[in-house]
Number of protein chains: 2
Amino acid sequence: VFFAVVFIFPRCQCPTHSHTYSQGNTSMAVSNIRYGAGVTKEVGMDLQNMGAKNVCLMTDKNLSKLPPVQVAMDSLVKNGIPFTVYDNVRVEPTDASFMEAIEFAQKGAFDAYVAVGGGSTMDTCKAANLYASSPHSDFLDYVSAPIGKGKPVSVPLKPLIAVPTTSGTGSETTGVAIFDYEPLKVKIGITSRAIKPTLGLIDPLHTLHMPAQVVANSGFDVLCHALESYTTLPYHLRSPCPSNPITRPAYQGSNPISDIWAIHALRIVAKYLKRAVRNPDDLEARSHMHLASAFAGIGFGNAGVHLCHGMSYPISGLVKTYKAKDYNVDHPLVSPHFISPQPHGLSVVLTSPAVFTFTAQMFPERHLETAEILGADTRTARIQDAGLVLADTLRKFLFDLDVDDGLAAVGYSKADIPALVKGTLPQERVTKLAPRPQSEEDLAALFEASMKLY
Amino acid sequence: VFFAVVFIFPRCQCPTHSHTYSQGNTSMAVSNIRYGAGVTKEVGMDLQNMGAKNVCLMTDKNLSKLPPVQVAMDSLVKNGIPFTVYDNVRVEPTDASFMEAIEFAQKGAFDAYVAVGGGSTMDTCKAANLYASSPHSDFLDYVSAPIGKGKPVSVPLKPLIAVPTTSGTGSETTGVAIFDYEPLKVKIGITSRAIKPTLGLIDPLHTLHMPAQVVANSGFDVLCHALESYTTLPYHLRSPCPSNPITRPAYQGSNPISDIWAIHALRIVAKYLKRAVRNPDDLEARSHMHLASAFAGIGFGNAGVHLCHGMSYPISGLVKTYKAKDYNVDHPLVSPHFISPQPHGLSVVLTSPAVFTFTAQMFPERHLETAEILGADTRTARIQDAGLVLADTLRKFLFDLDVDDGLAAVGYSKADIPALVKGTLPQERVTKLAPRPQSEEDLAALFEASMKLY
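Residues numbered from 1 in each chain as written. Chains lettered and ligands numbered in written order. Predicted model: local features only at pLDDT ≥ 70, side-chain atom pairs only at ≥ 80, totals over all residues. Heavy atoms only, no water.

Draft legend 1. Spotlight on the overall build of chain A. A count of helical and extended segments in chain A gives 15 helices and 9 strands. Looking at chain A residue by residue over its 454 residues, the buried ones come to 63%. When contacts within chain A are restricted to residue pairs at least 6 apart in sequence, those whose partners lie at least 24 apart make up 79%. Element-wise, carbon and sulfur atoms account for 55% of the exposed surface of chain A, whose accessible area totals about 16100 Å². (Helix = DSSP H or I, 4+ residues; strand = E, 2+ residues; numbered from the N terminus. Buried < 20%, exposed > 50% of the residue type's maximum accessible area, 1.4 Å probe, protein only. Contact = heavy atoms within 4.5 Å. Areas by Shrake-Rupley, 256 points an atom, 1.4 Å probe, with all protein chains shown as cover.)

Draft legend 2. Fine view of the UniProt feature "domain: Fe-containing alcohol dehydrogenase-like C-terminal" (unreviewed entry) in chain A. Residues annotated in UniProt with the feature "domain: Fe-containing alcohol dehydrogenase-like C-terminal" (unreviewed entry) correspond here to residues 253-319 and 343-451 of chain A. Helix makes up 56% of residues 343-451 of chain A and strand 0%, and the two end C-alpha atoms of the span are 17 Å apart. (UniProt positions renumbered as here; feature names shortened; annotations may be inferred.)

Draft legend 3. Quick look at the packing of aromatic side chains. For the coordinates displayed, the defined rule picks out 23 aromatic pairs over all chains. Pairing Trp-261 of chain A with Trp-261 of chain B gives two aromatic rings, centres 5.2 Å apart and planes at 75°, and the pair type is edge-to-face. Taken together, the positions of Trp-261 of chain A in helix α6 (residues 256-278) and Trp-261 of chain B in helix α6 (residues 256-278) put the pair across two chains. Both residues of the pair, Trp-261 of chain A and Trp-261 of chain B, count as buried. Lying across the ring of Tyr-230 of chain B, Arg-366 of chain B places its NZ or CZ 4.1 Å from the centre. (Phe/Tyr/Trp six-rings, centres within 6.5 Å; stacked < 30°, edge-to-face > 60°. Lys NZ or Arg CZ within 6 Å of the ring centre and 35° of its normal.)

Draft legend 4. Molecular detail of the domain arrangement of chain A. Residue and element names in this part refer to chain A. Partitioning chain A into structural domains gives domain 1 (32-208) and domain 2 (210-450). Taken over C-alpha atoms, the centre of domain 1 sits 24 Å from the centre of domain 2. The interface of domain 1 with domain 2 comprises 33 residues on the first partner and 35 residues on the second. Both sides of the domain 1 and domain 2 interface together cover about 3200 Å² of buried area, and 62% of this is carbon and sulfur. The largest share of the area that domain 1 buries against domain 2 comes from Ser-167, Lys-187 and Arg-193, three residues that together contribute 18% of it. (Domains from an automatic or database assignment. Buried area = accessible area lost by both parts, 1.4 Å probe.)

Draft legend 5. Summary view of unusual backbone geometry. Residues and elements named next belong to chain A. Residue Pro-146 follows Ala-145 across a cis peptide bond; omega there is 5°. Tracing the backbone through its elements, the reader meets Pro-146 in the loop between α4 (119-132) and β6 (160-164). Its identity is not glycine, yet Glu-92 carries a phi of approximately 60°, on the positive side. Here Glu-92 lies in the loop between β4 (83-86) and α3 (95-108). The buried category is assigned to Glu-92, whose relative accessible area is 15%. Unusually for a residue other than glycine, Phe-363 sits at a positive phi of about 55°. Along the chain, Phe-363 turns up in the loop between α10 (352-359) and α11 (364-373). On the basis of relative accessibility, which here comes to 15%, the residue Phe-363 falls in the buried class.

Draft legend 6. Representation of helix α2 (residues 67-78) of chain B in the model. Residues and elements named next belong to chain B. A rise of 1.5 Å per residue sets the reference length of α2, with its 12 residues, at 16 Å; its end C-alpha atoms lie 16 Å apart and thus fit the reference within 8%. By the burial criterion, the buried members of α2 are Pro-68, Val-69, Ala-72, Met-73, Ser-75 and Leu-76. Seen along its axis, α2 keeps its buried residues to an arc of 160°; they face one direction. When the buried face of α2 is taken as reference, the exposed residues oriented beyond 90 degrees from it are Val-77 and Lys-78. In the core, the buried residues of α2 are packed alongside α1 (43-50), β3 (55-58), β4 (83-86) and β5 (112-117). Of the residues trailing α2, Gly-80 is marked for its positive phi of about 65°. (Expected span 1.5 Å × (residues − 1). Arc of directions from axis to C-beta.)

Draft legend 7. Fine view of the confidence of the model for chain A. All names here are of chain A. Chain-level pLDDT for chain A is 87 on average; 88% of the residues reach the 70-or-more range. A low-confidence stretch, residues 1-24 stays under pLDDT 50, and its non-local contacts, those more than four residues away or across chains, total 66 contacts. In this model residues 320-340 is a low-confidence stretch, pLDDT under 50, and it forms 28 contacts with partners more than four residues away in sequence or in other chains. ipTM for the predicted complex: 0.82, alongside a pTM of 0.87. (pLDDT = per-residue confidence, 0-100.)

Draft legend 8. Geometry of α3 of chain A. Residues and elements named next belong to chain A. Compared with the 20 Å implied by 1.5 Å per residue over 14 residues, the 20 Å span of α3 between its first and last C-alpha is a close match. If you follow the buried residues of α3, they end up packed against β3 (55-58), β4, β5 (112-117), α4, β7 (176-181) and β8 (186-191). Just downstream of α3, Ala-109 is the residue with a positive phi angle, here 45°.

Draft legend 9. Focus on the state of the cysteines. Scanning all chains against the criterion turns up 0 disulfides over all chains. You can see Cys-224 of chain A has no disulfide; the closest cysteine sulfur is in Cys-308 of chain A, sitting 4.5 Å from it. (Disulfide = S-S within 2.5 Å.)

Draft legend 10. Broad picture of the packing of α1 of chain B against α2 of chain B. All names here are of chain B. Put simply, α1 and α2 touch, their axes get as near as 7 Å, and they point 45° apart. On the basis of the axis angle, α1 is oblique to α2. Remark: the crossing between α1 and α2 carries right-handed chirality. Residues Val-43, Gly-44, Met-45 and Leu-47 of α1 pack against Ala-72, Ser-75 and Leu-76 of α2. Residue composition of the contact of α1 with α2, grouped by class: 5 nonpolar, 2 polar and no charged. (Axes fitted to C-alpha atoms, helices over the stretch in contact; angles between N-to-C directions. Parallel < 35°, antiparallel > 145°, perpendicular 65-115°, else oblique. Left-handed = near helix turned anticlockwise from the far one by under 90°. Nonpolar A, V, L, I, M, F, W, Y, C, P; charged D, E, K, R; others polar.)

Draft legend 11. Spotlight on the environment of Val-410 of chain B. Residue and element names in this part refer to chain B. Mapped onto the elements, Val-410 comes out in the loop between α12 (386-400) and α13 (417-424). Note on Val-410: relative accessible area 5%, which makes it buried. In this structure the C-alpha to C-alpha distance between Val-410 and Ala-212, which are 198 residues apart in sequence, comes to 18 Å.

Draft legend 12. Representation of the environment of Val-153 of chain A within the structure. Residues and elements named next belong to chain A. Tracing the backbone through its elements, the reader meets Val-153 in the loop between α4 and β6. Each C-alpha atom of the pair Val-153 and Ala-194 lies 6.4 Å from the other, and the pair is 41 residues apart in sequence. Other than its neighbours up to four places away in sequence, Val-153 contacts Leu-130, Tyr-142, Ser-192 and Ala-194.

Written out as structure tokens, the structure reads:
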């Protein structure tokens, strides 16, 4: 069976509420996207159609000299759109780098934004648009709880057109903006449908120059977006249960709508990721991965992610320190568009065999189904082995793509586990969406099981 | 192979343009939808969140006393939203009935709309919102060419929340409003992304009281939306090729995004339609069909439909006259919410075996793939038989559901064919999206082959 949507007419499972159906619904909030080789050339026309007269084009220093930005700027010039470039986006943004972009946006009083880059650029642009549109807000007002206040956004934002140049983040379709909150040394985010880009321009031409490792690592992000969103707690089992639609989170748990996107993105990853990594000229494969990134973004942007992402943040954060020491790489990174010392996608995927072994107790059918899509022969698999089957399939997939052999291979040892667990705890925003609750011991065991993969 | 997306890096095939890639992109414009039993109860909160203070609730006379409307009104009252009911929607609307609703909307100066009903109500509400927001336009300005002027919509519209009560039209997700244009006796439409509802509330509770025949006939509409949109001319083969995104039609041909929705809706139809028809208490099946209707709507709303729909309009139009004579049923119909003398879905599906036999010359793989989803064993099928395989599969599917044995069974004879062909010609808006061009002789042969199905 290809597809099983089983949660219909759910009753609210929230222990603190007696109402029925309060949680028994699910929303889809999807950005408009446009796909095609060369669509970036149309951005000027889109802005003209929107009546924009004072546009902010955000990017990072390295990209600002490369074709994706040049093509966008040419289109703005050709269509007579006045614009200002902000190219000071920090790759792996921080609260400080967000603030700087916000200040720039506030002073500029822009009527539209264009973000050309990877997740860092799109996320920074979302934050700049949000706070410039809400000048009396404190920075923490819209940051997710418990660190921020998680206030719902009720101010109208300006149009934002996102042009992704990597195939992983899916940020062009989501209402999420992630950054390092330096006072507490944790990755956190702003999550609201209101910051979703107005339009995503999915232009496969931008994928042509990505080195193999970037394609692989961003592809792993797509893989985990799909697997995690498909196995999150179903929407009607999540609590609390806000009665007003406006206060429901964007990350609402798996649902019949996000499932479609997750599964479809996973099929593309299964079919095209290896080809896209191995052959930079395989335009067909790279184009599909560029679309898969957006598709998985629509999926997880409406369902959420869970443990692989929650545990990845301390993995990136701590390794970043290690590597910075080892390789004497200071910020800004060398060629941040393409190379990052501990790529997000790698941090995410290294724990995936352990995570899905752990989560498969819940919804084992979904775990088997995804294993089959990734190439496993599941005809004779026992349902109680679903987690192991998926984990083995993932290990083989990662081995074929020459991925480092677990956390040990990227510089961790057992001694780091307490710090990794501690770094995961503030990620409750996503870890609470895992299909099984996790104790600190569970998290420690997951990190330990991820030290070595093969 | 489950899924084949093959059109990547297309070059424009338009013979009159020399540019490259002008057509090589595809957009997705999707309404937000919210799904769940009881979501209609939230409409008042949604309107409050939007700041609405003067709402128009549109429905038809029969529905106005039934639970879907009552639940919506209760929610408006409970949330203190002032509203006016317009319950004079005509089932199978006409230019005159649209005009009446438009006039009502203009006088009311509403700041938001709620449409509770089937396609007729949602379409009427879209038209009312559009023309009330554009008071200096002539009615034909926004009507599709060649009958109307097909002008792009550049005025801002008011929010419209659509609450479908049938599982077929998908109108809650599309930018389409269809009506009978009485001066020329043809079905035509307004098609623009701008009239797409702001939010669709997909509430399965509204499907509980549908009689079997209504479930079947609206399900056939879903079936044909999925099959037709999956087999329309691919987006990069369509012409003309407008260079500005705003002038590109909503019906843009099949594309990697609409394909996902079409195939998924088809899988639901294959799995649940028979159950939904046979057992009114099968809430799971009826819920899935209610979602499938929206999913297929997103698919065809972005890709288009072709011959089954194009040929259905004269079928409904002429039979309507026959039946009105035979049964002495005058407008307004008896219980138009549930019973229509020649349901749209039936008119659409009766020609489907003939149509897909004809179209399978192009994209035979897609025809075989859909046959397999509908239950055919295609392992040994020859690709050149794709059309016949799909046609046989459809015949069996329709026979199982006790569908009338072709156009002859609903009152047509060979003598009617010239009139049916003549009635199809103005439907160029959709017929031009068929994967093969059709001569008048082709259309006549398709009608003739549809006289008897089994």
